[in-house]
Amino acid sequence: SNGALTVTPAALTVTGATSTSTYNGAAQTNTFTTSGLLGSDSVTSVVGLASATHVGEGSVSDNLSGASGTGLSNYTLSYVNGSLRITPASLSVSGTSASKVYTAAAQSNSSATITGAATKAPPNPR
């Protein structure tokens, strides 16, 4: 007597991280994790990960879809959106101490040390 075998897709969930990054002057993109992958199947990328370049955008949400990788036709995919928030970087400006002899002319101490500044100027936020 013959029988039948039905193979149904396994469940696969792609989840965007809920992450906070410190401003570094460059665009930053959220990350993702997966649950439910079997064997050597993999998810190598996903469309719609949140990306932010500067502080003040608030929490930017993912809009996940379009996972790509190997063996994904064997799964029913579901997506859980995460978010990315950029926080201010630390910045310190320290003036240097100076000692000068009075000369009746204007005196200044224009030497300062700046630490923590990003190496790239941020874009205009709006």
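Just so we're clear, the structure is a prediction, and the values are computed from it rather than from any experiment.

### Notes on the overall build of the chain
Step number 1: Broken down by element type, the chain carries zero helices and 12 strands.
Step number 2: Ordered by position in the sequence, the α and β elements of the chain form the string β-β-β-β-β-β-β-β-β-β-β-β.
Step number 3: For a compact globule of 126 residues, the expected C-alpha radius of gyration is about 14 Å, and the chain comes in at 26 Å, more than 25% above that figure.
Step number 4: Residues classed as buried in the chain amount to 17% of the 126 residues present.
Step number 5: For the chain, contacts bridging at least 24 residues in sequence account for 58% of all contacts bridging at least 6.
Step number 6: In the form shown here, the chain has an accessible surface area of approximately 8400 Å², with 52% of it arising from carbon and sulfur atoms.

### Brief notes about the nonpolar core
Step number 1: By size, the foremost hydrophobic cluster in this structure holds six residues: Tyr-23, Ala-50, Ala-52, Val-60, Leu-84 and Ile-86.
Step number 2: The residues contacting Ile-86, other than those within four sequence positions of it, are Ser-21, Thr-22, Tyr-23, Gln-28, Ala-52, His-54, Val-55 and Gly-58.

### Description of a nonpolar patch on the surface
Step number 1: Side chains of Leu-91, Val-93 and Ile-114 sit close together on the surface and give an oily, nonpolar patch of about 320 Å² of accessible area.
Step number 2: For Ile-114, the location among the structural elements is in strand S12 (residues 112–115).

### Topic: the sheet that holds strand S9 (residues 75–80)
Step number 1: What the three strands build is an open sheet, ordered S4-S1-S9; its pairing is mixed. Edge strands, defined here as strands with exactly one partner in the open sheet, are strand S4 (32–35) and S9. Ignoring strand direction, the axes of neighbouring strands in this sheet form an average angle of 20°.
Step number 2: Of the pairings in the sheet, the one linking strand S1 (residues 10–16) to S9 comprises six bridges and is parallel in character. Following the sheet pairing, Leu-12 is matched in S9 by Leu-77.

### Things to note about the sheet that holds strand S2 (residues 18–22)
Step number 1: Reading across the sheet, the three strands line up as S2-S10-S7 and stay open at both edges, with mixed pairing between neighbours. Two strands bound the open sheet, and with one partner strand each, they are S2 and strand S7 (59–61). On average, each strand axis in the sheet is inclined to that of its neighbour by 25°, with strand direction left out of account.
Step number 2: In this structure, S2 lies alongside strand S10 (residues 83–87), joined through five bridges in parallel fashion. From the neighbouring strand, Ser-21 faces S10, where its bridge partner is Ile-86.

### A closer look at the environment of Ala-27
Step number 1: Topologically, Ala-27 is positioned in the loop between S2 and strand S3 (28–29).
Step number 2: Assessed through its relative accessible area of 53%, Ala-27 is described here as exposed.
Step number 3: Residues Ala-27 and Ser-51, spaced 24 residues apart in sequence, show a C-alpha to C-alpha distance of 6.7 Å.
Step number 4: Setting aside its immediate chain neighbours within four residues, Ala-27 contacts Ser-51, Ala-52 and Thr-53.

### Topic: the environment of Gly-82
Step number 1: Tracing the backbone through its elements, the reader meets Gly-82 in the loop between S9 and S10.
Step number 2: Distance in space between the C-alpha atoms of Gly-82 and Leu-49 is 8.2 Å, their sequence separation being 33 residues.

### Section: the side chain of Asn-30
Step number 1: With respect to the helices and strands, Asn-30 occurs in the loop between S3 and S4.
Step number 2: Reaching out from Asn-30, the side chain makes a polar contact with the backbone oxygen of Ser-83 at a distance of 3.4 Å.
Step number 3: If sequence neighbours within four positions are ignored, Asn-30 has contacts with Gly-16, Ala-17, Ser-19, Leu-49, Ala-50, Asp-62, Gly-82, Ser-83 and Leu-84.

Quick notes on the rules
- Residues numbered from 1 in each chain as written.
- Predicted model: local features only at pLDDT ≥ 70, side-chain atom pairs only at ≥ 80, totals over all residues.
- Heavy atoms only, no water.
- Helix = DSSP H or I, 4+ residues; strand = E, 2+ residues; numbered from the N terminus.
- Rg over C-alpha atoms; globule rule 2.2 N^0.38 Å.
- Buried < 20%, exposed > 50% of the residue type's maximum accessible area, 1.4 Å probe, protein only.
- Contact = heavy atoms within 4.5 Å.
- Areas by Shrake-Rupley, 256 points an atom, 1.4 Å probe, with all protein chains shown as cover.
- Core = buried A, V, L, I, M, F, W, Y, C linked by side-chain atoms within 4.5 Å.
- Patch = residues over 30% accessible without salt bridge, like charges linked within 9 Å, V, L, I, M, F, W, Y side chains within 5 Å.
- Salt bridge = Lys/Arg side-chain N within 4 Å of Asp/Glu carboxyl O.
- Pairing = 2+ DSSP bridges.
- Axes fitted to C-alpha atoms, helices over the stretch in contact; angles between N-to-C directions.
- Polar contact = N/O pair within 3.5 Å; in protein donor to acceptor, adjacent residues only side chain to side chain.

Any link to function would need more than the numbers given here.
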